[in-house]
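# Fold and geometry: a report
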Amino acid sequence: MSDPSYTPRPDSSPPRTVMVVDDERNIRRALGLILESEGYQMAEAGTAERAAETLARSASPVDLVVLDLMLPKMSGLQWLERLKQDGLYRHIPVIVISGHASSEEAAQAIKLGAVDFFEKPLNRERVLLSVGKALENAGLMRQLASLSAQLDTHQEMIGNTPLMRQLYSNVERVAPTKANVLIMGPSGTGKELVSRAIHRLSTRAGKPFVKVNCAAFPRELIESQLFGHEKGAFTGADKSKRGLFEQAHGATLFLDEIGDMDLAAQAKVLRVLQSGEVNRVGSEHTFHVDVRVLAASNKDLEREVAGGSFREDLFFRLNVFPIHVPVLDERTDDIPLLAEAFMQAFCGDNGFKPKPISVEVCAALQRRKWPGNVRELKNVIERAVILSGEEITIADLPEDPHIDPFEEPAHAATAGPGAASQGGSGKRPTLREFREQAERRHIIDTLVEHEWNVSRTAVALGVERTNLHKKIRTYEIRRGETR
Ligand SMILES: Nc1ncnc2c1ncn2[C@@H]1O[C@H](COP(=O)(O)OP(=O)(O)OP(=O)(O)O)[C@@H](O)[C@H]1O
Ligand SMILES: [Mg+2]
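As the structure is a computational prediction, the values presented were derived from the model and not from experiment. (Residues numbered from 1 in each chain as written. Chains lettered and ligands numbered in written order. Predicted model: local features only at pLDDT ≥ 70, side-chain atom pairs only at ≥ 80, totals over all residues.)

### Remarks on the overall build of the protein
Stated formally: The helix and strand labels rest on DSSP assignments: H or I over at least four residues marks a helix, E over at least two residues marks a strand, and numbering proceeds from the N terminus. Think of it as a crowd count around each C-beta: if 20 or more other C-beta atoms lie within 10 Å the residue is buried, if 12 or fewer it is exposed, and in between it is partly exposed, with C-beta placed from the backbone throughout.
When its secondary structure is counted, the protein shows 19 helices and 14 strands. Expressed as a percentage of its 483 residues, the buried residues of the protein come to 32%.

### A look at the site of ligand 1
Using the following cut-off: Put plainly, near means the residue's C-beta atom, positioned from the backbone, lies within 6 Å of the molecule or strand in question. Classification used: nonpolar for Ala, Val, Leu, Ile, Met, Phe, Trp, Tyr, Cys and Pro, charged for Asp, Glu, Lys and Arg, polar for all others including Gly. Start and end points for every domain follow an automatic or database-based domain assignment.
In the vicinity of ligand 1 lie 15 residues, with Ser 187, Gly 190, Lys 191, Glu 192 and Val 374 positioned nearest. Looking at the shell around ligand 1, the elements that each hand over two or more residues are helix H7 (191–200) and helix H15 (373–387). Residues that form the shell around ligand 1 fall into these classes: four nonpolar, seven polar and four charged. Both domains that meet at the shell around ligand 1, namely domain 2 (164–231 + 240–326) and domain 3 (329–396), each give it at least three residues.

### A few points about the pairing of strand S10 (residues 252–256)
Here is the rule we go by: Any two strands between which DSSP finds at least two bridges are classified as paired.
Along S10, five of the five residues are buried, which leaves the element largely enclosed by surrounding structure. The two faces of S10 match: Thr 252, Phe 254 and Asp 256 on one face and Leu 253 and Leu 255 on the other face are all buried. Note: strand S7 (residues 209–213) against S10, five bridges, orientation parallel. What sits directly across from Asn 213, in S10, is Asp 256. Pairing of S10 with strand S13 (residues 292–297), which is carried by four bridges, proceeds in the parallel orientation. Paired with Thr 252 across the bridge in S13 is Arg 292.

### Structural notes on the nonpolar core
Rule in force here: In these notes, a nonpolar core means any group of buried Ala, Val, Leu, Ile, Met, Phe, Trp, Tyr and Cys residues linked to one another through C-beta atoms within 7 Å. Contact between residues is assigned whenever the C-beta positions, reconstructed from backbone atoms, fall within 7 Å.
Val 171, Ile 183, Ile 198, Phe 245, Leu 253, Leu 255 and Ala 295 are the most contacted members of the largest nonpolar core, which has 44 residues in total. Contacts of Leu 253, omitting those with residues within four sequence positions, involve Val 210, Leu 244, Phe 245, Ala 248, Val 291 and Val 293.

### Considerations on the sheet that holds S13
As a reminder, the rule being used: For helices, the axis comes from a line fit to the C-alpha atoms of the stretch in contact; other axes are also lines fit to C-alpha atoms, and the angle between any two N-to-C directions lies between 0 and 180 degrees.
With parallel pairing, the five strands of this open sheet are ordered in space as S7-S10-S13-S6-S14. One side of each edge strand has no neighbouring strand; the edge strands of this open sheet are S7 and strand S14 (321–324). Neighbour to neighbour, the strand axes of the sheet diverge by 20 degrees on average, direction disregarded. In this structure, strand S6 (residues 181–184) lies alongside S14, joined through four bridges in parallel fashion. Each bridged residue has a counterpart across the sheet, and for Leu 182 the counterpart in S14 is Pro 322.

### Quick notes on the confidence of the model for the protein
Reading fine detail from the predicted coordinates is not recommended where pLDDT is low. Where we set the bar: Each residue carries a pLDDT value, the predictor's own confidence for that position, ranging from 0 to 100.
Looking at the protein as a whole, the pLDDT averages 86, with 89% of positions reaching at least 70. Per-residue pLDDT stays below 50 along residues 1–12; that stretch engages in 12 contacts with residues further than four places along the chain or on separate chains. Within the model, the stretch residues 408–425 combines pLDDT values under 50 with 19 contacts to residues more than four positions away or in other chains.

### Comments concerning the sheet that holds strand S1 (residues 17–21)
Remark on secondary structure: sheet strands pair via backbone hydrogen bonds, oriented parallel or antiparallel. Across the sheet, five strands lie side by side as S2-S1-S3-S4-S5; this open sheet has parallel pairing. Among the strands making up the open sheet, the edge pair consists of strand S2 (41–45) and strand S5 (116–119). Taking each pair of neighbouring strands and ignoring which way they run, the sheet shows an average axis angle of 20 degrees. Strand direction decides the pairing type here: strand S3 (residues 64–68) and strand S4 (residues 94–98), joined by four bridges, are parallel. Note that in S4 the partner of Asp 68 across the bridge is Ile 97.

### A short note on the environment of Thr 286
Assignment of secondary structure puts Thr 286 in strand S12 (residues 286–288). Thr 286 has contacts with Glu 277 and Asn 279, leaving out every residue within four places of it along the chain.

### Here's the deal with the environment of Asp 313
Examined against the element boundaries, Asp 313 turns out to sit in helix H12 (residues 312–318). Separated by 43 residues in the primary sequence, Asp 313 and Leu 270 place their C-alpha atoms 7.7 Å from one another.

### Focus: unusual backbone geometry
Leave glycine aside and you will find that most residues have negative phi; peptide bonds, for their part, are mostly trans. The linkage connecting Lys 120 with the following residue, Pro 121, adopts the cis geometry, with an omega of 0 degrees. Looking at where Pro 121 falls in the secondary structure, it is placed in the loop between S5 and helix H5 (124–156). Of note in the backbone geometry, Lys 73 takes a positive phi value of approximately 55 degrees without being a glycine. In this fold, Lys 73 is placed in the loop between S3 and helix H3 (76–85). Phi at Glu 257 is positive, roughly 55 degrees, even though this residue is not glycine. Mapped onto the elements of the fold, Glu 257 is located in the loop between S10 and helix H10 (263–275).

### Some words on H10
In plain terms, the rule: One fewer than the residue count of a helix, multiplied by 1.5 Å, yields its expected span.
When the terminal C-alpha atoms of H10 are compared, their 18 Å separation across 13 residues agrees well with the 18 Å that a helix rising 1.5 Å per residue should span. In the segment just after H10, Gly 276 is the residue with positive phi, at about 75 degrees.

### Focus: the packing of helix H18 (residues 454–461) against helix H19 (residues 465–474)
In plain terms, the rule: These descriptions rest on fixed angle ranges, namely under 35 degrees for roughly parallel, over 145 for roughly antiparallel, 65 to 115 for roughly perpendicular, and the rest for oblique.
One way to put it is that H18 packs onto H19 with a least axis distance of 9 Å and a crossing angle of 100 degrees. Relative to H19, the element H18 is oriented roughly perpendicular. Contact residues: H18 offers Val 454, Ser 455, Thr 457, Ala 458 and Leu 461, while H19 offers Arg 465, Leu 468 and His 469. Classifying every residue of the contact of H18 with H19 by side-chain character gives four nonpolar, three polar and one charged.

### Observations regarding helix H6 (residues 162–174)
Formally: For this quantity, the arc is that covered by the directions from the helix axis to the C-beta atoms.
Along its 13 residues, H6 runs 18 Å from first to last C-alpha, staying within 8% of the 18 Å computed at 1.5 Å per residue. The set of residues buried in H6 consists of Met 164, Leu 167, Val 171 and Val 174. All buried residues of H6 fall inside an arc of 100 degrees around its axis, so they share one side. H6 presents Pro 162, Arg 165, Ser 169 and Arg 173 as exposed residues on the side facing more than 90 degrees away from its buried surface.

Below, the structure written as structure tokens:
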């Protein structure tokens with residue numbers, strides 16, 4: 001190499017793919033010869049429209065684009081602008097070339113995010129220098145993203161109990177591999193957080209993390225979401241569309257709530273996992289994708305397999321590396337840490353001064369049951385921050401909904417103090433007393449009607465359950481009481 005600053009690609013890394021977008025065939029050929037002589041793979045397109053297609057379908061993910069500015073129909077600058085707004089592709093470096101470069105256009109291209117600009121005729125050394133540098137910089141950026149992700153990950157996933165440490169160790173072990181991962185755990189345990197951590201600690205860290213919630217789409221739509229469709233494939237398909245597998249080419253696809261996917265879509269997903277091949281709905285054309293799949297489910301998939309609603313072969317494909325996320329009730333020692341972190345974050349976001357959480361509050365939080373797991377704890381803390389004064393106290397916590405307020409009926413009272421404050425013989429009650437008495441009576445009637453079930457009564461009265469609990473305490477209403 002004549003230029004000492006040019007660093008050749010290390011032999012151990014896979015070949016890099018450069019896409020050349022130019023309407024002149026000769027230029028594409030010339031660039032192809034230069035690039036292939038140095039071990040790069042080349043993809044090509046004659047128009048911006050074709051370039052978008054090639055990007056999505058090239059056999060290996062495109063690492064760099066060399067883009068001519070003078071293109072028929074959509075100009076190179078227009079396409080560049082669009083590319084840099086596309087979350088999936090904006091990380092790909094673009095080098096711009098032009099036959100009749102105006103310095104204005106060059107400046108515009110750099111402003112839009114191009115990393116270099118040069119004029120035709122092409123000079124071999126100049127091309128290789130520019131391509132080498134752009135790829136090297138992109139690699140450094142990716143390393144940087146992955147390093148800062150490593151620093152970040154454990155800050156984001158909070159917990160220091162042995163169960164959590166085991167989880168981190170599994171995440172770190174599986175992340176750099178190509179293995180598919182199945183993440184299981186009840187709702188709110190942090191499955192999505194785990195899958196993002198795996199992506200960020202993987203070699204695909206600088207590439208997109210494409211997420212799809214399989215439960216959010218009706219049966220007919222999920223296949224077109226995942227695999228895309230051709231124009232006219234079904235009524236309403238007035239344009240062809242890239243599927244999420246195509247969009248995640250070279251990157252990570254997170255299939256959330258995979259237990260809710262219907263059997264027909266499961267069969268297609270299995271096929272992609274086995275062969276790497278995708279067909280859009282309504283098309284025979286097959287193309288190859290390189291996608292790492294992470295899947296999550298809050299259902300027990302083994303049971304779904306036994307019950308026939310989940311394919312066994314797909315389960316085995318995904319279950320190469322299962323990760324079980326522990327429920328919060330199994331790691332109550334993490335509760336003070338989590339509560340403190342949620343308080344700090346919420347106060348920070350809302351410009352509040354941090355509000356200390358007392359030892360008693362922590363103990364109360366640890367005594368509770370958390371069927372909604374970390375998500376539920378987060379909600380409770382955020383609510384407490386809003387309700388509290390300078391510090392968070394027990395009174396700022398909602399009633400534990402998993403405790404029945406009528407469980408221990410206090411000394412069989414038949415009439416509460418509400419009855420006693422009737423206003424006395426002949427004495428007219430104040431408006432406020434009257435309102436409270438009426439409210440108390442109405443609450444008792446509704447409770448009786450709903451067999452003293454607080455949740456249903458709250459719904460019937462149109463109030464929050466916690467609000468109803470408060471009134472029950474204030475009015476000292478007791479189970480079995482009649483008005
Ligand atoms: N270990 C953790 N540290 C900090 N925050 C956490 C942790 N686990 C979960 N969270 C927070 O709890 C909430 C729920 O997490 P997440 O969405 O990952 O759960 P999930 O298991 O995917 O739930 P679902 O099954 O309902 O989709 C999020 O706000 C997340 O940031
Ligand atoms: Mg989730």
